[in-house]
Each structure stands twice: as structure tokens, then as C-alpha cells.
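Each chain, written out:
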Amino acid sequence: MNTRDTRFGRRVTKAWLAVLAAVLLVAGASWGSLAAGPAASEAPAVAAQAAPAAARALAGGRESYADIVKVVAPAVVTIRVEGQARVAPTMMMPDDDLFRRFFGDQGEQFGFGAPGQGRGQRPPRNYRQHGLGSGVVVTKDGYILTNHHVVDGAQNIRVDFTDGRTFNAKMIGSDKPSDLAVIKIDATNLQPLALGNSDAVQVGDVVLAIGNPLGVGQTVTMGIISAKGRSTGTGDGGYEDFLQTDAPINQGNSGGALVSMKGELVGINSQILSTSSGNIGIGFAIPTNMARNVMSDLRNGGRVHRAQLGVTVQPMTSDLAASLGLKQTTGAIVSSVQAGSAAERAGVKRGDVIKSFNGQDVQDTNTFRNRVASATPGSSAALVVIRDGSERTLTVKLDEAAASKSARNEGDPDSNDKAALGVAVAPLTPELASRAGLPRDAHGLVVQEVTPDGRAAAAGVQAGDVIQEVNRQPVQSVDELRAAVRRTSDRPVLLLVNREGRDLFLTVRPS
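Residues numbered from 1 in each chain as written. Predicted model: local features only at pLDDT ≥ 70, side-chain atom pairs only at ≥ 80, totals over all residues. Heavy atoms only, no water.

**Overview of the overall build of the protein chain**
Each helix and strand in the protein chain was counted, giving 12 helices and 26 strands. The contacts in the protein chain between residues at least 6 apart in sequence include a share of 60% that link residues at least 24 apart. Carbon and sulfur atoms provide 51% of the accessible area of the protein chain, an area that totals close to 26,600 Å². (Helix = DSSP H or I, 4+ residues; strand = E, 2+ residues; numbered from the N terminus. Contact = heavy atoms within 4.5 Å. Areas by Shrake-Rupley, 256 points an atom, 1.4 Å probe, with all protein chains shown as cover.)

Given below as C-alpha cells:
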């Protein structure tokens, strides 16, 4: 090879090296961008995926509840009721002429008087009262579970389905203490909602509330179980064991369904706590295990059978525990024992601390009361009490609590039963006796409601009165009251009532 060729070869080699270096630089830059590019582009993608992943985790791995709603929604119905209400003539009314100027003569339906009548001279006015709630179909042949307060006093009940079908319903039974009622429509092959095990529900479980709030139409809301075993204490003698939920519940949701993620009914929506009559995330549902037992009794006999121990108990406090020499504040202390009751026969004494009932620890008085009530009347139960610092086990044969019938059953003004007085009554308990200013061992029936145009109202009977005697004979149960009235259907019935600690006689005219 000559020198020229060598120089040319060197020039070519240098040129190729320069080209190769340039290629490597470009390739290096490209590789660098490829190496850095995926890492830089993956960061936003990972961040974008993090939120949906968290949302799915919070929702129990779900992004939709549509599959559950499709199954359960057809079983939730709207209940429309119509009843009769009355405005008393003593109510404060605006000037008739001024009222009629804005509302015309339609104001008469609200009891504001007819033209020409002065204030203070107007007679009571009757008008139709309408209500709306929800219900749950629980059998294929048309049994529907709802709240007592939805159908209480209803003379006409109509059930609307989401597919447009409408049925007239009849009352099967209603239980005020549990705020549950059963109605029936004439239908077959309905799609019922399966009843779940409410005892298995846990705080934090996701639930759906379905009903017709404010009459806007069927609505589904979602939340969680916020607490169990709640008692709102809004009624006298009520058996409360509520599931608390933050699923939005409003007026019209009453009687509707609280549904688990299994598509099972775990509660009947019943109450809300609010400072504005609207939802603030504190709603309450009656657990299905309680509803199942109440519904069975109402279907089979029209009333609920509950057991009774015959004691008054109060919660344990740290001061009470210290005074009794106890280290724990669990249990319930007995403040009184009813004479002749199951508790007295078993040897329960005032001052005993009830530690357990049928093997279940007593944590609070409300749960203990519900457990006793749910037992079978006449059955035997084991009661562990602490007395003078030592434990002892007592065997008690439970009594049956006196039935408390609803105003619908006792006070329907259109009833053909000549014994109907138009009142709702409940047996007098030691607590109610104390409130009425009577001895705790007093007996009788507390008047809870009075039908405005019933016979009892015309005689002057008022809510809160205690009926002690009928025709000079003591009465302690609804059956005794009705039997006594039925025996004297041809003459006025003589009632001895106690009103705010004062005894007085009232006479009720024959029907």
C-alpha cells in the first residue's frame, strides 16, 4: 500500500470514527431519553391510578351498586295512607275574613270556620289527612313490612310499585312498641326481599337505604353502619335496638329497606335525629331479627307476645359500683321488684345487680330489656345476680307481658265493635306510674292516644289518664277493658281514671 493510500485510508478511518462517534452520541441521547422517558411518563400514570384504587378499596372493591339495586328495588314500595283528623274548636285561629281573602272557603277544611261564624263559636272540623311512607315486600303472596307510625290511624292504605301497579292493602297487625306493622295486598308472584341476619352486621359495613323520601320517587342512598344497639328514647315503653347509619334518610323513607351488600334486608328504616327535620347523617333502622319475630306474631295472631321479668332496672355507674364494692360498671341494678312477678317468685331482690341473662352478659339496660322481651313467655331463664358481693344463679319462669294494642285496633271510629272506646292504652308500668304521680305498684291502663271523635273523647278522657276501674271493677289489660265495656253496652260505662294524681269518675255513653 502506498503512502497516498495510507493517508486516504487514515482519512476514511477518521471519517468513519467521526460518524460512529456522532451516531453513538445520538444513540446515547436516544437511549438516555428512552431510559428516562418511561420513568417520567409512568409517574403521572401511577398517580392517576392511585385515586381509583383507593376509591375501590373504600367502597369494598366496588365502583357500582347497580347490580344490587336491580335485585332489591322492585321489593320496596310506596305506601300512601288516608285517615281522618280533627281540629279542636279551641285552637288559636287567624281572622276568618283575612284568612278567606287569601285561601277562600277552602280554609274550612282546616277548621277555620264557615262564613258568618265568629271566633270561639266554631265547631270542630273533620278533614282528610294524607300520609306517605315506604314498605318492603317480604313474601310472594303480598305481605309487606312497614312502620307502625306510617299506617297508624289509616282508614285507607294504598301500595304503589315502581312498575306502575297499585293495590289496596289491609291491616294485618301493628305493634307500637317496636314501631312495626304488617299489611297485605291481594297479589301473587311478587319479588320479595330476602331477610338477612342483622346480628351479623358489623359497624363499618356498607349499606343502601331505599325508599321514597319526600315523595320524589324511589331513591337509593349509600352509607355505612355507624353503630349498633342504639336507643333514641323517643317513646314510652318502646323496644329499641336500632342500627345507626349515615345513609341519608328523610321523611318518606320510613318503612323502607336498609340493604346489605349481599342484597339482603338488614333493617327497616324508622327514625332520624336532626335539628332541622332533615338528614344530618344520623338515621336509625329496626334490625331484621327483631322485625322477623314481630312479623311472625302479627301474622299468626295480630299481636306480639313478649316475655316479662317484672323488675325495674337502672344502669350501673362508677359511683354505684364503688358503693357496692364492685370493680366493673357492667350489669343492671334492680331498683324495684313487682309484686307477684316472675322476678319475685325467683327470689330477685332490690339492690341485686343482674350480671347475665341466659348466659349473655348484661352490658346495658336497653339490651337486657330487649333480650327478656324476645324470650318465650312461660320459658325458664337463668339469671346471674350479684348480691352482697357474691354471685348467685336464679332460675326464673318468665311471665307474658300484657299486650299493648295500637290505636288502629282500639280506636277505629268506623269499627262495628261496640266495645271500641276510641282510645289506645298500655298497661301501667312502674316507670309510667311514677310519671303519673302514682305509687310504683299501682295498676291500670295508661291512655296513650284518644280518637278525636270517639266515645272516650266525648266523655272527657285525655291522653295520659290512667284507667283504674270500669264499672267499679279493676282493669289491668286491654282484654279486661274491652270485656268490661262489652258487658255494659246498654248503659253508660263508669270509668275511674287518675289524672295527674287526682281520681275522677267519667261516664261513656253507649255506642
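**Details of the side chain of threonine 146**
Looking at where threonine 146 falls in the secondary structure, it is placed in strand E3 (residues 143-146). At 2.7 Å, the side chain of threonine 146 forms a polar contact with the backbone oxygen of serine 134. (Polar contact = N/O pair within 3.5 Å; in protein donor to acceptor, adjacent residues only side chain to side chain.)

**Looking at the sheet that holds strand E11 (residues 265-272)**
Taken in spatial order, the 6 strands close into a barrel running E7-E8-E9-E12-E11-E10, and their pairing is antiparallel. Sheet twist, expressed as the average angle between the axes of neighbouring strands with direction ignored, equals 45°. Two strands pair when backbone bridges link them, and strand E9 (residues 242-245) and strand E12 (residues 283-287) are joined in this way by 3 bridges, in the antiparallel orientation. Paired with leucine 243 across the strands is alanine 285, a residue of E12. Strands E11 and E12 of the sheet are contacted by helix H5 (residues 288-301), whose axis makes an angle of about 50° with E12. (Pairing = 2+ DSSP bridges. Axes fitted to C-alpha atoms, helices over the stretch in contact; angles between N-to-C directions.)

**Regarding the nonpolar core**
Counting 47 residues, the largest nonpolar core has Ile79, Val151, Ile183 and Ile185 as its most contacted members. Once you skip the residues sitting within four places of it in the chain, valine 151 turns out to touch Ile79, Val81, Thr146, Ile157, Met171, Ala181 and Ile183. Residues Leu481, Val485, Val493 and Leu506 belong to the second largest nonpolar core, which totals 21 residues. (Core = buried A, V, L, I, M, F, W, Y, C linked by side-chain atoms within 4.5 Å. Buried < 20%, exposed > 50% of the residue type's maximum accessible area, 1.4 Å probe, protein only.)

**Some details on the confidence of the model for the protein chain**
In low-pLDDT regions, the fine details of the predicted coordinates are not to be read closely. Chain-level pLDDT for the protein chain is 77 on average; 74% of the residues reach the 70-or-more range. Predicted confidence is poor over residues 1-13, with pLDDT under 50, and the contacts of this stretch with residues over four places away or in other chains come to 1 contact. Below pLDDT 50 for its whole length, residues 404-418 participates in 44 contacts with residues either more than four positions away or in separate chains. (pLDDT = per-residue confidence, 0-100.)

**Quick word on unusual backbone geometry**
The backbone of asparagine 189 sits at a positive phi, close to 55°, despite the residue not being glycine. By the secondary structure assignment, asparagine 189 is in the loop between strand E6 (180-185) and strand E7 (206-211). The exposed category is assigned to asparagine 189, whose relative accessible area is 73%.

**Quick look at the pattern of salt bridges**
Two side chains with opposite charge may pair up if their charged atoms get near one another. Scanning all chains against the criterion turns up 11 salt bridges. Across the salt bridge formed by aspartate 175 and arginine 306, the nearest N and O atoms sit 2.5 Å from each other. Linking aspartate 175 in strand E5 (residues 166-175) with arginine 306 in the loop between H5 and strand E13 (307-308), this pair joins segments that are 131 residues apart in sequence. Aspartate 175 gets classed as buried once you look at its relative accessible area, which sits at 3%. Ionic contacts of the salt-bridge type, sharing partners, join the residues Arg80, Arg158 and Asp160 into one network. (Salt bridge = Lys/Arg side-chain N within 4 Å of Asp/Glu carboxyl O.)

**Details of the environment of arginine 435**
Looking at where arginine 435 falls in the secondary structure, it is placed in helix H10 (residues 430-435). Among the residues examined, arginine 435 registers a relative accessible area of 61% and is labelled exposed. It is 8.9 Å that separates the C-alpha atoms of arginine 435 and glutamate 500, two residues lying 65 residues apart in sequence.

**Examining the packing of aromatic side chains**
For the coordinates displayed, the defined rule picks out 3 aromatic pairs. Ring geometry for phenylalanine 161 versus phenylalanine 167: centroids 5.7 Å apart, planes at 75°, classification edge-to-face. Per residue, the accessibility class of phenylalanine 161 equals that of phenylalanine 167, and both read buried. For the cation-ring pair, arginine 299 lies above tyrosine 143, with the distance from its terminal atom to the ring centre recorded as 3.8 Å. When the ring centre of tyrosine 239 is taken as reference, the NZ or CZ atom of arginine 369 above it lies at 4.2 Å. (Phe/Tyr/Trp six-rings, centres within 6.5 Å; stacked < 30°, edge-to-face > 60°. Lys NZ or Arg CZ within 6 Å of the ring centre and 35° of its normal.)

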